[in-house]
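# Inside the fold
As a plain string of letters, each chain reads:
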Amino acid sequence: MADTIEAAGLAIHPGLLSPAEQRALLSDIAAVIRKAPLFRPTMPRTGKPFSVMMTNCGPLGWVSDKTGYRYQPRHPETGKPWPPMPDRLVALWRSLGAPAEPEACLVNMYDEGAKLGMHQDSDERTYDAPVVSVSLGDTAVFRMGGTTRRGPTRSVRLSSGDVVVFGGESRLMYHGIDRVLSGSSRLIDGGGRINLTLRRVTPWS
Ligand code: MD5
Ligand code: FE
């Protein structure tokens, strides 16, 4: 079927996190943000600001500025190490059968109107571990394609408490966030969406 996207290793778990688990995770992330404030990354070369704000926890964090995309052990503005990964996130990673320990948790904050263009996650030094994505707050319209820039895409709504495991072939699929449906969740005071991505950055054993 021409517009079916086959991707071995993709697992979508709608509503995996209960409302109580979502609230607990949100409070862990609020504590992370107090120690490592959200920053607005800019695009390599052009310096154009992202509409999404970001921070990280765990030993490594993803950053972007005029000089490029990379993982680094410190916050780009405070210069401090990223806060530790909350135990709850490590437990989630393990419960999904992901290998070794997660090294980075990227926190993406989408306010009304924020989006993320189609891209591939390829800044890691290994693609052998899955990326585990957790959605909190307002529903996102997530677009997923194939492993090349061209070709069919499909649109999937990601709601609060949904967890997606991008393993195997799906690890290198192009994807983006078209928009966030404001007012679709009451989890976050003031609205908005937070996405957490747990990752391995370096190869293990
Ligand atoms: C988000 N974040 O909802 C998404 C969820 C990012 C990002 O895209 O890079 O921070 S993670 C979606 C993802 C990760 C790795 C592979 C694939 C999707 N995929 O192959 O579709 O803020
Ligand atoms: Fe991505």
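A brief report on the enclosed structure follows. These numbers were taken from a predicted model, which means no experiment stands behind them.

Criteria and thresholds
- Starting afresh in each chain, residues are numbered from 1 along the sequence in its written order.
- Here chains are named by letter from A upward and ligands by number from 1 upward, in the order in which they appear as written.
- The predicted nature of this model means local features are confined to residues of pLDDT at least 70 and side-chain atom pairs, given and counted, to a pLDDT of 80 or more, with totals for whole chains, interfaces and linings taken over all residues.
- Neither water nor hydrogens contribute to the side-chain values; these are computed over all heavy atoms in the structure.
- By the criteria applied, helices consist of DSSP H or I runs no shorter than four residues and strands consist of E runs no shorter than two, each listed in order from the N terminus.
- To estimate the expected span of a helix, count its residues, drop one, and scale the result by 1.5 Å.
- The rule is simple: take the accessible area with a 1.4 Å probe, protein chains only, and divide by the maximum for that residue type; under 20% is buried, over 50% is exposed, in between is partly exposed.
- Here the arc refers to the set of directions running from the helix axis out to each C-beta atom.
- The criterion for a residue being near a molecule or strand is simple. One of its heavy atoms has to lie within 4 Å of it.
- Any pair of N or O atoms that falls within 3.5 Å is considered a polar contact. Within protein, one atom must be able to donate a hydrogen and the other to accept it, and sequence-neighbouring residues count only if both atoms are side-chain atoms.
- Lys, Arg, Asp and Glu make up the charged group, whereas Ala, Val, Leu, Ile, Met, Phe, Trp, Tyr, Cys and Pro make up the nonpolar group; the residues left over, Gly among them, are polar.
- In this analysis, rings of Phe, Tyr and Trp, with Trp reduced to its six-membered ring, are considered paired at centre separations within 6.5 Å, and the interplanar angle assigns stacked below 30 degrees, edge-to-face beyond 60, and tilted for intermediate values.

## Looking at helix 1 (residues 19–35)
Here helix 1 is 17 residues long and its end C-alpha atoms lie 25 Å apart, about the 24 Å a rise of 1.5 Å per residue gives. The complete set of buried residues in helix 1 reads Gln22, Leu25, Leu26, Asp28, Ile29 and Val32. Seen end-on, helix 1 carries its buried residues on one side only, within an arc spanning 160 degrees. With respect to the buried face of helix 1, the exposed residues turned more than 90 degrees away are Pro19, Arg23, Arg34 and Lys35.

## Focus on the site of ligand 1
Near ligand 1 you find 19 residues, and of these Asn108, Tyr110, Ser170, His175 and Arg193 are the closest. Between ligand 1 and the protein, one listed contact pairs an oxygen atom with a side-chain N or O atom of Asn108 at 2.9 Å. Contacts to ligand 1 include Asn195, whose side-chain N or O atom sits 3.4 Å from an oxygen atom. Counting only elements with at least two residues in the shell around ligand 1, the list comes to strand 5 (104–110), strand 6 (116–119), strand 7 (131–137), strand 11 (175–180) and strand 12 (193–199). Top contributing element to the shell around ligand 1 by residue count: strand 12, with four residues. Among the residues forming the shell around ligand 1, the class breakdown is eight nonpolar, seven polar and four charged.

## Re the packing of aromatic side chains
All chains considered together, the criterion is met by four aromatic pairs. Relative to Trp82, the ring of Phe39 lies with its centre 6.3 Å away and its plane at 35 degrees, an arrangement referred to as tilted. With Phe39 in the loop between helix 1 and strand 2 (53–57) and Trp82 in the loop between strand 4 (68–72) and helix 2 (87–95), the pair connects residues that are 43 residues apart, well separated along the chain. Using a relative accessible area of 6% as the deciding quantity, one classes Trp82 as buried. Measuring from ring centre to ring centre gives 6.2 Å for Phe50 and Trp62, while their planes differ by 65 degrees; the resulting arrangement is edge-to-face. Of this pair, Phe50 sits in the loop between helix 1 and strand 2 while Trp62 sits in strand 3 (residues 61–65), and the two are twelve residues apart along the sequence. An identical accessibility class is assigned to Phe50 and Trp62; each is buried.

On their own, these measurements won't tell you what the molecule is for.
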